[in-house]
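What follows is the residue order along each chain.
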Amino acid sequence: MTTAVPSDNQATLDYQISFTTGPDLKGQLKRLSGTTMDDSSYYHGQPEPKGSTFAGQYRHANDPEKQTVNLLANAIFERLGCDEDQYLTEILAQVTGGTITLHSDKGPCHSCRALLRQFLQNYPMITSFVVTYRKTDGRGRPIRALEPAGGNLYGSYGYEDATEVNGLWCKVLR
């Protein structure tokens, strides 16, 4: 059993996806940072940039935002009767709409923000994708909308232009 500590990041993704035929795909996915994912992973995010300590490495494979989006992609592929090797525009045309809300304790890092952009490029029919994250950390300290990363991880967490909504930082991607 994994026990959350103040530095852990948990992501919860709520979704409702519509298709040309058959029932909608609805549900919730939760992941905690540091857990591994055995399922296929179509979206990889971005490697650490040149000049950083870990340049070229993918240091965010166990980020919960990345994992929840990949689990959703896997669920869509399964619903459509294909796998990521058969990722075809014709098959994805069966997705007619949807709404997604991703809540992350810390906010997505540079790699996960890139992954979210990739996902939305592949699913232009998703009508609403909202990212929220906490305004305070696990110890009650304030979190800025865009929080600098630490521990040899590049960049920052969250979105610089996030707005406060119901006590959370909120970024509407679509």
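Read on for a plain summary of the structure. Keep in mind it's a predicted model, so treat the numbers as computed, not measured.

Concerning the sheet that holds strand β2 (residues 25-32)
Moving on, step 1. Here six strands make up an open sheet; going across it, the order is β2-β1-β3-β4-β8-β7 and the pairing mixed. Sheet topology places β2 and β7 (163-165) at the edges, where each strand pairs with a single neighbour. Shown here is a sheet whose adjacent strand axes are inclined to one another by a mean of 25°, direction ignored.
Moving on, step 2. Inspection of the sheet shows strand β1 (residues 10-19) paired to β2 by eight bridges, in the antiparallel sense. What sits directly across from Asp-14, in β2, is Gln-28.
Moving on, step 3. This element, helix α1 (residues 64-80), spans β1, β2 and β3 (95-104) of the sheet and lies at about 25° to β1.

Here's the deal with the packing of aromatic side chains
Moving on, step 1. By the definition in use, this model includes three aromatic pairs.
Moving on, step 2. Ring centres 5.8 Å apart and planes at 65° place the aromatic pair Tyr-43 and Phe-119 in the edge-to-face group. Placement of the pair is Tyr-43 in the loop between β2 and α1 and Phe-119 in helix α3 (residues 110-122), with a sequence separation of 76 residues. An identical accessibility class is assigned to Tyr-43 and Phe-119; each is buried.
Moving on, step 3. Here the aromatic rings of Phe-119 and Phe-129 are separated by 6.3 Å at their centres, their planes lie at 65°, and the arrangement is edge-to-face. Highlighted residues: Phe-119 in helix α3 and Phe-129 in strand β4 (residues 128-134), separated in sequence by ten residues. In this pair, the class of Phe-119 matches that of Phe-129, namely buried.

Criteria and cut-off values
Residues numbered from 1 in each chain as written. Predicted model: local features only at pLDDT ≥ 70, side-chain atom pairs only at ≥ 80, totals over all residues. Heavy atoms only, no water. Pairing = 2+ DSSP bridges. Helix = DSSP H or I, 4+ residues; strand = E, 2+ residues; numbered from the N terminus. Axes fitted to C-alpha atoms, helices over the stretch in contact; angles between N-to-C directions. Contact = heavy atoms within 4.5 Å. Phe/Tyr/Trp six-rings, centres within 6.5 Å; stacked < 30°, edge-to-face > 60°. Buried < 20%, exposed > 50% of the residue type's maximum accessible area, 1.4 Å probe, protein only.

That is the geometry; function is a separate question.
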